[in-house]
Amino acid sequence: MPTNALIHEKSPYLRQHADNPVDWLPWGDVAFAKARAEDKPIFLSIGYSTCHWCHVMAHESFEDQEIAEILNANFVPVKLDREERPDVDRIYMLFVQASTGSGGWPMSVWLTPELQPFFGGTYFPPDSRYGRPGFKDLLEHLARAWKFERPKVDASGKSVSEQLRALSTQSEASASLDQDIFEAPFAQFRRMFDREWGGFGSAPKFPRPVAFYYLLRFFAATGNEEALDMVTHTLRKMADGGMHDQLGGGFHRYSVDERWFVPHFEKMLYDQAQLAISYLEAHQITGEERFADVARGILRYVLRDLRDESGGFYSAEDADSPDPENPSHSGEGAFYIWSRGEIEQTAPADSLEAFVRYYGVQADGNVAHDPQGEFVGRNILHVALPLHEVALRLGLPETRTEELLAAARERLFQVRKQRPRPHLDNKLLTSWNSLMISALAKGYAVLSDEQYKESAQTALDFLLSGMFNDRSGQLLRRFCGGEAAIQGFLDDYAFLAQALLDMFEISGEARYLGLAERLATDGFSRFEDRENGGFFSTESGAADLLLRLKDDYDGAEPAGNSVATDVLLRLAHLTGNPDFERRGRKSLEAAATKLKSQPSAAPQLTAALGRILQPPAHTVFRCGDADEEVQHMVRQARKKFEPNVAVLVLDDHSARELQSSSAFLAQLERKGRLTIYKCENFTCSLPQSFG
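What comes next concerns the included structure. (Residues numbered from 1 in each chain as written. Predicted model: local features only at pLDDT ≥ 70, side-chain atom pairs only at ≥ 80, totals over all residues. Heavy atoms only, no water.)

### Quick notes on the overall build of the protein chain
Step number 1: When helices and strands are tallied, the protein chain shows 26 helices and 20 strands.
Step number 2: In terms of C-alpha radius of gyration, the protein chain reaches 26 Å, essentially the compact-globule figure of 26 Å for 691 residues.
Step number 3: Going through the 691 residues of the protein chain one by one, you find that 59% of them count as buried.
Step number 4: Averaging the locations of the 75 positively and 100 negatively charged side chains of the protein chain gives two centres separated by 2 Å. (Helix = DSSP H or I, 4+ residues; strand = E, 2+ residues; numbered from the N terminus. Rg over C-alpha atoms; globule rule 2.2 N^0.38 Å. Buried < 20%, exposed > 50% of the residue type's maximum accessible area, 1.4 Å probe, protein only. Lys, Arg positive; Asp, Glu negative; His and termini not counted. Charge placed at Lys NZ, Arg CZ, Asp CG, Glu CD.)

### Things to note about the packing of helix α5 (residues 86-100) against helix α7 (residues 150-169)
Step number 1: Axis separation between α5 and α7 bottoms out at 11 Å; the angle between their running directions is 110 degrees. Taken together, the axis directions place α5 and α7 in an arrangement best described as roughly perpendicular. Contacts between α5 and α7 involve Ile91, Leu94 and Phe95 on the former and, on the latter, Val160, Leu164 and Leu167.
Step number 2: Looking at side-chain class alone, the contact of α5 with α7 contains 6 nonpolar, no polar and no charged residues. (Axes fitted to C-alpha atoms, helices over the stretch in contact; angles between N-to-C directions. Parallel < 35°, antiparallel > 145°, perpendicular 65-115°, else oblique. Contact = heavy atoms within 4.5 Å. Nonpolar A, V, L, I, M, F, W, Y, C, P; charged D, E, K, R; others polar.)

### With respect to the pairing of strand β14 (residues 476-480)
Step number 1: Sheet topology places strand β13 (residues 428-429) next to β14; 2 bridges connect them, and they run antiparallel. Across the sheet, the residue bridging to leucine 429 is arginine 478, located in β14.
Step number 2: Across 4 bridges, the pairing between β14 and strand β15 (residues 483-487) is antiparallel. Residue pairing in the sheet places phenylalanine 479 in a bridge with alanine 484 of β15.
Step number 3: Between β14 and β15, which pair antiparallel one after the other, the connecting turn spans 2 residues, and glycine 481 there sits at a positive phi close to 60 degrees. (Pairing = 2+ DSSP bridges.)

### A short note on the packing of aromatic side chains
Remark: the centre distance and the inter-plane angle together describe each pair of aromatic rings, the angle taken between the planes.
Step number 1: Evaluated as defined, the whole model comprises 35 aromatic pairs.
Step number 2: Between tyrosine 358 and tyrosine 359, the aromatic rings sit 4.8 Å apart at their centres with planes inclined by 85 degrees, giving edge-to-face as the arrangement. Of the two residues, tyrosine 358 and tyrosine 359, both sit in the buried class.
Step number 3: Among the aromatic side chains, those forming a connected cluster through ring pairs are Trp24, Phe43, Phe62, Trp110, Phe119, Phe124 and Phe135.
Step number 4: The aromatic ring of tryptophan 105 is capped on one face by arginine 82, whose charged end is 3.9 Å from the ring centroid.
Step number 5: Between lysine 550 and the ring centre of phenylalanine 536, over which it is positioned, the NZ or CZ distance is 5.3 Å. (Phe/Tyr/Trp six-rings, centres within 6.5 Å; stacked < 30°, edge-to-face > 60°. Lys NZ or Arg CZ within 6 Å of the ring centre and 35° of its normal.)

### A few points about the environment of histidine 8
Step number 1: Its location among the elements puts histidine 8 in the segment before α1 (12-16).
Step number 2: Spatially, the C-alpha atoms of histidine 8 and alanine 18 are 8.5 Å apart, while their sequence positions differ by 10 residues.

### Focus: the environment of serine 660
Step number 1: Structurally, the position occupied by serine 660 is in the loop between α25 (652-657) and α26 (663-666).
Step number 2: The exposure class assigned to serine 660 is exposed, which follows from its relative accessible area of 70%.

### Quick word on the nonpolar core
Step number 1: Judged by nonpolar contacts, the single largest core of 156 residues is most densely connected at Trp110, Phe135, Tyr279 and Phe524.
Step number 2: Beyond its immediate stretch of four places on either side in the chain, phenylalanine 524 contacts Tyr493, Ala494, Ala497, Leu519, Phe535, Ala564, Val567, Leu568 and Arg583.
Step number 3: Within the second largest apolar cluster, 27 residues are counted, among which are Val76, Leu164, Leu545 and Leu549. (Core = buried A, V, L, I, M, F, W, Y, C linked by side-chain atoms within 4.5 Å.)

### What about unusual backbone geometry?
Step number 1: Across the junction of tryptophan 105 and proline 106, the peptide omega takes the value 5 degrees, indicating a cis bond.
Step number 2: Of note, proline 106 is situated in the loop between α5 and β4 (107-111).
Step number 3: One non-glycine residue, tryptophan 260, lies in positive phi territory at about 65 degrees.
Step number 4: Along the polypeptide, tryptophan 260 turns up in the loop between β6 (254-255) and β7 (263-264).
Step number 5: Residue tryptophan 260 is classed as buried on the basis of its relative accessible area, which comes to 1%.
Step number 6: Despite not being glycine, phenylalanine 682 shows a phi value in the positive range, around 65 degrees.
Step number 7: Inspection of the secondary structure puts phenylalanine 682 in the loop between β18 (674-680) and β19 (683-684).

### Comments concerning empty space enclosed by the protein
Step number 1: Going through the model one piece at a time under the given rule, you end up with 5 cavities of 30 Å³ or more.
Step number 2: What lines the largest cavity is a set of 41 residues, among which Arg217, Glu281, Lys442, Asp502 and Arg570 lie closest to the centre.
Step number 3: Of the residues contributing to the lining of the largest cavity, the split by class is 21 nonpolar, 9 polar and 11 charged.
Step number 4: In this structure, the second largest cavity spans a volume of roughly 90 Å³. (1 Å grid on protein atoms, 1.4 Å probe; cavity = no way out; pocket = protein on both sides within 12 Å on 5 of 7 lines; lining within 4 Å. Points joined across faces, edges and corners; volume = space filled by probe spheres on them.)

### A word on the pattern of salt bridges
Step number 1: Tallied over the entire structure, the rule returns 57 salt bridges.
Step number 2: Aspartate 350 is the salt-bridge partner of arginine 400, the closest N and O atoms lying 3.5 Å from each other. One end of the pair, arginine 400, is in helix α16 (residues 398-416); the other, aspartate 350, is in the loop between α13 (340-346) and α14 (352-358), and 50 residues separate them in sequence.
Step number 3: A salt bridge links glutamate 402 to arginine 409; its shortest N-O distance comes to 2.6 Å.
Step number 4: Taking relative accessible area as the criterion, glutamate 402 reaches 28% and is therefore assigned partly exposed.
Step number 5: When its relative accessible area of 18% is taken as the criterion, arginine 409 is described as buried.
Step number 6: A single salt-bridge network, built from bridges that share partners, covers Asp81, Glu83, Asp425 and Lys427. (Salt bridge = Lys/Arg side-chain N within 4 Å of Asp/Glu carboxyl O.)

### What to know about the sheet that holds β15
Within a sheet, adjacent strands bond to each other through the backbone by hydrogen bonds, running parallel or antiparallel.
Step number 1: Overall, antiparallel pairing links the 3 strands, which are arranged β13-β14-β15 in an open sheet. Each edge of the sheet is formed by a strand with only one pairing partner; in this case those strands are β13 and β15.

### Examining the side chain of aspartate 257
Step number 1: Along the chain, aspartate 257 turns up in the loop between β6 and β7.
Step number 2: With no salt bridge to any partner, buried aspartate 257 finds its closest opposite charge in arginine 259, at an N-O distance of 4.8 Å.
Step number 3: Sequence-distant contacts of aspartate 257, that is, excluding residues within four places in its chain, are made with Ala203, Lys205 and Val262.

### Structural notes on the packing of helix α21 (residues 560-575) against helix α22 (residues 578-597)
Step number 1: Two elements in contact, α21 and α22, have axes whose closest approach is 8 Å; the angle formed by their N-to-C orientations is 150 degrees. With respect to each other, α21 and α22 are oriented roughly antiparallel. Crossing hand, α21 versus α22: left-handed. Here Asn561, Thr565, Leu568, Leu569, Leu571, Ala572 and Thr575 of α21 lie close against α22, whose contacting residues are Phe580, Glu581, Arg583, Gly584, Arg585, Ser587 and Leu588.
Step number 2: A per-class count over the contact of α21 with α22 returns 6 nonpolar, 5 polar and 3 charged. (Left-handed = near helix turned anticlockwise from the far one by under 90°.)

### Quick word on α16
Step number 1: With 19 residues, α16 should reach 27 Å at 1.5 Å per residue; the first-to-last C-alpha distance of 26 Å fits that figure.
Step number 2: Within α16, the full set of buried residues consists of Thr401, Leu404, Leu405, Ala408, Arg409, Leu412, Phe413 and Arg416. Buried residues of α16, viewed axially, fall in a sector of 165 degrees; they line one side.
Step number 3: Tucked into the core, α16 has its buried residues touching α12 (289-305), α13, α14 and α15 (387-394). (Expected span 1.5 Å × (residues − 1). Arc of directions from axis to C-beta.)

### Side note on the state of the cysteines
Step number 1: Inspection of every chain in the model, using the stated rule, returns 2 disulfides.
Step number 2: Here cysteine 51 connects covalently by a disulfide to cysteine 54, the sulfurs 2.3 Å from one another. Disulfide cysteine 51-cysteine 54: torsion about the S-S bond near 80 degrees, hence right-handed.
Step number 3: Exposure remark for cysteine 51: the relative accessible area of 3% places this residue in the buried category. (Disulfide = S-S within 2.5 Å.)

Written out as structure tokens, the structure is:
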């Protein structure tokens, strides 16, 4: 089969397009030189390997010979994986959103050879439909415009580029940091909250864990029960919905309806990491075991299905499942959905009635509105009735009902494993792996499961040995097919520094704190806006970038800017180094005006403000040996949700190693077998000593 230049790439997304008749080139100098030499515009197509509509456009247009010939003759076609190059994606997404009012993937942008955008959009059908222009007609129109109206196209590209540059360089005046800024997102989330189904806004519904992160910290700081209720109600409804994989654990990307029932079935690593933390923190606060169980299910899914042999974690699983031999198990969600007949054939006979009632299984399928016909006669498993109600209707104790459900779940899960799995995006990203390490560290802290700590350490060792150059301090972003490549962005440095601090707090290993300091000192300086405060997403001087942006929106993932700021403030509290606090405070001051005007835009950054409004606090278990009694006392301390309190276990070796990183922690002496220090603002109350 003929292939194009993408066959030589490592990215799973790019390789998916290697046998298209389109003469794709990867983003880079070869494509830019070709555009200049042939005086052709660049057609830039951006997506990712588990993107459903990317697959649709590929099948409809990029596999079509006639469309390929138009593309090849009139444009330089370029493919880009947004997960490898989020910096390029952000620039052109900003253009598409500004020019069309919306954005998404696949993203389609036409550029001059100087990389200036002059037209853009997202998905285009091959022919005019859905109120969208047909892709073939659009290509021919733009080709004519380039040939016969070139001055207008060039002028448009230059004008757009100037506007984007002005937008990216404008800086708002710094503002003072106060309690009002910290409280403002709560009021906005309160207005958007869906009191029936949970979540914020209407369908489609995305989980957006950064909102939970902020609201739980707002609750901890203020005691506002409504903030807690918004989170716990949402988490319960999500756990009951079809967006939650009821058999295999983990969460799908989003729900197409308001009740978390019909999901878009892809699974992303960054969602699993952040949602695991949300459920773990909800368990800490409420003691509700359901939250802990959901978190365990997420972590079990990731460790089972997304872990590479290196110990790192893959990026995602697709929504679509191909099965040529069984069309009913092909298409979006096919791996996860069931006919009533399949369930009857699979579930143990004594479990069937409980399973059908609990998970809302219908004979004709349970998706009422299915305009595309993808779920006809099929069932999306979701919690349709509470356990106690199912038990009551069956005349059984709840414990027995749960045993029956567990037996059926296990049987269906084993049968499901035999189905063709969705495509796996097997690239390992530093930023997303770091989020997962933080989630595993939290899992260990809250649930005391050693496998979480061990898995986090293994993944962190992989990043530090395979992605980080200890001599130069350079961090790489992507590992795939045996190759580590692509210079790291702010989120890679910031998320890794955060993971190192999380690992330091559960292990007491001074090397983790030292590496976090190094990343924050040398690494963050590559991105820092020293004049105005805050951080750019990329280093300066990149030749393939039209402009340099600051990412100041906490969306599906927290912004690198938000995490970097929080890391600096955490380091200030752990080390006592005032320079970390000065830089973190300056970043917040630079963002304060925007935080006031758009309170819900950066909730994770607002949560970082809480570290300034409250004094730093530490609970330190200074021991000779962290024996079982010490570990028990630590577990009790970590049961409390105190997000701005560092709970640390330091033995004699750790204390010695901390001399160069934290004089404050290193000087806490052990008196007897164990001494417990409770400290606030670097001043400790009278310690408790044992033995």
